[in-house]
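If you want the building blocks of each chain, they are given just below.
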Amino acid sequence: MEKVLGQLWYGIAGFCAGILVRFFYDVIHGLWRKRTRTACFIRDWCFWLAAGVFVFDVIFRMNQGILRSFFLVLFGGGMILYKKTAGDVVERIVLRLWNCLLYTSDAADDLIGV
């Protein structure tokens with residue numbers, strides 16, 4: 001029974017890791033929206049490299065480095081479910097907050113004469 005519970009937690013961790021990775025991708029994508037193709041390639045490459053290290057850490061800590069197929073399925077399922085439910089909303093919120101910060105700081109700079 002203990003082994004089954006361990007695998008259940010491993011699957012839940014995979015699902016949550018998928019949601020977390022997709023959330024951070026939407027945040028970074030929202031902040032770097034208008035860039036060149038090269039900058040987008042570099043951003044995506046660096047992000048997925050960091051995400052791979054994060055996922056490897058989850059796999060290593062939860063299951064002694066043994067990769068199970070249900071982990072990959074649940075990881076992908078978490079990413080897809082997040083994108084279909086909250087992904088667009090989070091991306092729009094991040095974009096609005098980013099634009100608000102940019103325009104607020106520009107307006108403040110104009111007021112103080114910088």
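## Focus: the packing of helix H1 (residues 2-31) against helix H2 (residues 37-63)
Move 1: Where H1 meets H2, the closest approach of the two axes is 10 Å, and the angle between their N-to-C directions is 165°. Comparing the axis directions of H1 and H2 gives the class roughly antiparallel. Considering only the axes of H1 and H2, their crossing is right-handed. Here H1 contributes Gln-7, Trp-9, Tyr-10, Ala-13, Ala-17, Leu-20, Val-21, Phe-24, Tyr-25, Ile-28 and His-29 to the contact with H2, which in turn contributes Arg-43, Asp-44, Phe-47, Trp-48, Ala-51, Phe-54, Val-55, Val-58, Ile-59, Met-62 and Asn-63.
Move 2: Grouping the amino acids of the contact of H1 with H2 by side-chain chemistry returns 17 nonpolar, three polar and two charged.

## A word on the side chain of Arg-22
Move 1: Along the polypeptide, Arg-22 turns up in helix H1.
Move 2: Other than its neighbours up to four places away in sequence, Arg-22 contacts Met-79, Tyr-82 and Lys-83.

## Considering the pattern of salt bridges
Move 1: Summed over the entire model, instances satisfying the criterion amount to three salt bridges.
Move 2: With a shortest N-O distance of 3.4 Å, Asp-26 and Arg-22 are connected by a salt bridge. Placement of both Asp-26 and Arg-22 in helix H1 is noted, with a separation of four residues, approximately one turn of the helix.
Move 3: Note on Asp-26: relative accessible area 0%, which makes it buried.
Move 4: The partner of Asp-57 in a salt bridge is Arg-61, with the nearest N and O atoms 2.9 Å apart. In this pair, Asp-57 and Arg-61 both sit in helix H2, four residues apart, roughly one turn of the helix.
Move 5: You can call Asp-57 partly exposed: its relative accessible area is 31%.

Cut-offs used in this document
- Residues numbered from 1 in each chain as written.
- Predicted model: local features only at pLDDT ≥ 70, side-chain atom pairs only at ≥ 80, totals over all residues.
- Heavy atoms only, no water.
- Axes fitted to C-alpha atoms, helices over the stretch in contact; angles between N-to-C directions.
- Helix = DSSP H or I, 4+ residues; strand = E, 2+ residues; numbered from the N terminus.
- Parallel < 35°, antiparallel > 145°, perpendicular 65-115°, else oblique.
- Left-handed = near helix turned anticlockwise from the far one by under 90°.
- Contact = heavy atoms within 4.5 Å.
- Nonpolar A, V, L, I, M, F, W, Y, C, P; charged D, E, K, R; others polar.
- Salt bridge = Lys/Arg side-chain N within 4 Å of Asp/Glu carboxyl O.
- Buried < 20%, exposed > 50% of the residue type's maximum accessible area, 1.4 Å probe, protein only.

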